[in-house]
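As a plain string of letters, each chain reads:
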Amino acid sequence: MGQQLGIVVLIDIPAAVESNSLAGNIWLVDNGGWDGSTGEGSPDLVCAIDVTDAQLDPGNAVLNWIPIGIGTIPINIPQTFFLYDDDRRALAQRPLPALHQGIFPVRIRNLVGDEVNIKHPGHLLKEAPRADPQMLLSAQGFVDPGTARFKRTGESRVAQPGDQDLVYYPDPAILRIHGEALDAGVIYPAQYGSPEMFSRGLYWSASVNPNLLGLYRYTIEIALYYSRRDADGRVVDDWVILSHDAWIKISTGAPRNGFPAVTLDLVSNDAGAQGA
Amino acid sequence: MQPINIVVLVDSIAALSKGTLSDNVHLTDDHSLSQGKGTAMLRTVCCPGQWLRWKVLAVDVQSPAVIAGIDFLPWDDVPEASGVDPDIDRYVMPRWRAWTGLVPCDTPPGRYRYRLALQMGSGGQSVIFINSPSIDVLG
Amino acid sequence: MARAARSAETAAKPAPKPMPAPKPGSVRQATNVMALVDVVGALGSGTLARSLFLFDNNRGAGSTGHGTGSLSTVAQQDDVVVWTTMALECEAFARLQLVEIDSAYAEYVALDAGAFSETPEVYWLATILKPLPVDGVPYRLSYRLGSADVPYRAVVESRLVPPPVAVAPPIPAQPDEPALDPSQEDAK
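Residues numbered from 1 in each chain as written. Chains lettered and ligands numbered in written order. Predicted model: local features only at pLDDT ≥ 70, side-chain atom pairs only at ≥ 80, totals over all residues. Heavy atoms only, no water.

**Thoughts on the environment of Pro163 of chain C**
All names here are of chain C. Within the secondary structure layout, Pro163 lies in the segment after strand E11 (158–161). Note: C-alpha distance between Pro163 and Val134 (29 residues apart in sequence) is 9.1 Å. Setting aside residues no more than four positions away along its own chain, Pro163 makes contact with Val74, Ala75 and Gln76. (Helix = DSSP H or I, 4+ residues; strand = E, 2+ residues; numbered from the N terminus. Contact = heavy atoms within 4.5 Å.)

If you want it as structure tokens, here you go:
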């Protein structure tokens, strides 16, 4: 199996939520530029997939979609980054302390046999990590967001003088992939779970049918999440689902043997049966 | 005779970063007597009349790697080297090539080195060669 | 993967109480300039041309150049601009090495760099100290890619620019014409 194609879908979430449309607020980039993809960095990406080697080397091409919100925490940061301070301490601690008073000794052993002092666990952070108020992207815990910027005037309904507009937009999630490319049986997408600690561990991947050539369109439906304050001042989460079209182009070339003196019938993979 | 499969495993990003395949490529094959498996100095044991099949795999799933060329060196005292291939225009659509070759039946026994060129991506520095792997033809 | 409806509450206070009527004020903003680097493309061609894609989340205020190697980001006084990096290939390494701003513009921006706590992810941060000049503040980005020994520098510069002027100035009346009615003037 050759190179897997990764398609990064970048979205300006505040602008998309405000205009209720992805037009002008979405860009796609893939890593197939060397193989002929066009429209890199624009909304109109055509992924080029050359399936010549599907005849030589069994294994389908694989596409992966990665949705990214511009302004969200970088995806390489693990999800433990978002914990409240006391959750972080709890993770750092070993087993739960016994609830019974006086019946169990203060020093107990955990599952692997290490002694744990419940009253003074040795694994607590010595001092709480301080959140830098300037550095809003380094939210320690869920920083209470200000109002989502719905007005182009830039005025916030809830603003403290001297505050920055702390609005939190989680990474968008792809809900569904559908369209012509699926109906024609060209790509077979599915949502997979991954141990990667971003996008809540879910991502979309598709295998490509190398037998159908041509240009096919597909539609991605993306959920954009945002937080805002309602009239009572409570923070609520909301979302909007928008869709966008992109294309894949499947082409094949003329397979040849790299050694010029050898002619090889490449329909069959059994080289031993052929002659020079 | 069974065909011999030779697998080239390459760390594309390290190879492109350093401009060399030394330490970034590992070859192995499925013949029990071959020497140097897992290194760039693979010596594939084979017989005249046997098929050899090369295949490349990139360590990173989203990095490209394609065999651009396999050329047997005309003589043995070429110094072992690896670097960016200066003349990449002679490789025509390596994407479309299969690398299955036949050791000619009249080949004298001995060691024959070959120059393996890999293309990783596109651009002037994307084709890198190494000339230390070889085949060992038995009598 | 739809989330539950509006019942998800994330306020820190347990009992919601009505907030006092908020005063509208100007909003200071943190703008993220995100760079997507095609590491294999840059290493294979020896340059960041066509392998660097810049985006920001301030298109609503007038930023231009999204998806290219040269971005003009709108920023105002007291705003903060944060540069982050993503490698296009999931297993590739890319790190922002330097945001190069000429010292002639030192009065306009205060630069800082750091890493997200307990991670090796680097960010660069610029605080805008005063309104930006009309031509903006140019900057150039440099990246460490893969295991290459030398950093790769962007081939074109990007800019931090002031907000575009929205309203066209009124056209003065000509001597032989009656004065224009204000409603007939061009307004944006």
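On we go from here.
**Observations regarding the environment of Asp87 of chain B**
All names here are of chain B. Take Asp87: it is sitting in the loop between strand E6 (82–84) and strand E7 (97–102). You can call Asp87 partly exposed: its relative accessible area is 39%. When the C-alpha positions of Asp87 and Val127 are compared, they lie 8.9 Å apart, and in sequence the two are 40 residues distant. (Buried < 20%, exposed > 50% of the residue type's maximum accessible area, 1.4 Å probe, protein only.)

**A few points about the pairing of strand E10 (residues 202–208) of chain A**
Bridge analysis of strand E4 (residues 62–69) of chain A against E10 of chain A gives four bridges, and the strand direction is antiparallel. The residue bridging Leu63 of chain A from the neighbouring strand is Ala206 of chain A, located in E10 of chain A. (Pairing = 2+ DSSP bridges.)

**Here we look at the packing of aromatic side chains**
Under the definition given, this model contains nine aromatic pairs over all chains. Between the aromatic rings of Trp83 of chain C and Tyr139 of chain C, the centroid separation amounts to 5.0 Å while the plane-to-plane angle is 75 degrees, which identifies the pairing as edge-to-face. Here the residue Trp83 of chain C occupies a position in strand E5 (residues 80–87), and Tyr139 of chain C occupies one in strand E9 (residues 137–145), the gap between them amounting to 56 residues. The buried category is assigned to Trp83 of chain C, whose relative accessible area is 1%. What makes Tyr139 of chain C buried here is its relative accessible area of 1%. In this structure an aromatic cluster arises from ring pairing among Phe259 of chain A together with Trp54, Phe72, Trp99 and Tyr114 of chain B. The ring of Phe129 of chain B is capped by Arg115 of chain B, whose NZ or CZ atom sits 4.1 Å from the centre of that ring. (Phe/Tyr/Trp six-rings, centres within 6.5 Å; stacked < 30°, edge-to-face > 60°. Lys NZ or Arg CZ within 6 Å of the ring centre and 35° of its normal.)

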